[in-house]
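Listed below are the residues making up each chain.
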Amino acid sequence: MSELSEILRKEFKDKESAHAYIEEFLNTCIATQIKVLREQRGWTQKKLAHEAGMEQSRISLLENINYDKW
């Protein structure tokens, strides 16, 4: 097992550490997926907001990797 794997395995024995890691990972993944899919369609945030029935500022928030109020 690699050194990094061993460190992570030890860290994740603590449920709080594991939860914090997973939460950050998911926040980053969700925000990135929204942005990538939007860009693949050639849409602006404003266009996605219109299609989703939201304000553009909400799309900006959802694409922010630091947002965690899903």
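Located above this text is the structure these notes cover.
Residues numbered from 1 in each chain as written. Predicted model: local features only at pLDDT ≥ 70, side-chain atom pairs only at ≥ 80, totals over all residues. Heavy atoms only, no water.

(A) Broad picture of the overall build of the protein. Looking only at helices and strands, the protein has four helices and zero strands in total. The order of helices and strands in the protein, counted from the N terminus, is α-α-α-α. By the compact-globule yardstick of 11 Å for 70 residues, the protein is too spread out, its C-alpha radius of gyration being 16 Å. Here the protein, with 70 residues, has 16% of them falling under the buried criterion. (Helix = DSSP H or I, 4+ residues; strand = E, 2+ residues; numbered from the N terminus. Rg over C-alpha atoms; globule rule 2.2 N^0.38 Å. Buried < 20%, exposed > 50% of the residue type's maximum accessible area, 1.4 Å probe, protein only.)

(B) Inspection of the pattern of salt bridges at higher detail. Tallied over the entire structure, the rule returns four salt bridges. For the salt bridge of Glu 63 with Arg 38, the shortest nitrogen-to-oxygen distance reads 2.5 Å. Here Arg 38 lies in helix α2 (residues 15–40) and Glu 63 lies in the segment after α4 (56–62), a separation of 25 residues in the sequence. Residue Arg 38 is classed as buried on the basis of its relative accessible area of 10%. The salt bridge partner of Asp 68 is Lys 69, with a shortest N-O separation of 3.2 Å. (Salt bridge = Lys/Arg side-chain N within 4 Å of Asp/Glu carboxyl O.)

(C) Spatial organisation of the environment of Lys 47. Secondary-structure assignment places Lys 47 in helix α3 (residues 45–52). Remark: the alpha-carbon pair of Lys 47 and Ile 59, spanning twelve residues in sequence, is separated by 9.8 Å.

(D) A look at the nonpolar core. In this structure, Leu 48, Ala 49, Ile 59, Leu 62 and Tyr 67 together form the largest nonpolar core, which totals five residues. Those elements that place two or more of their residues in this core are α3 and α4. Among residues more than four places away in sequence, those in contact with Ile 59 are Gln 45, Leu 48, Ala 49 and Met 54. (Core = buried A, V, L, I, M, F, W, Y, C linked by side-chain atoms within 4.5 Å. Contact = heavy atoms within 4.5 Å.)

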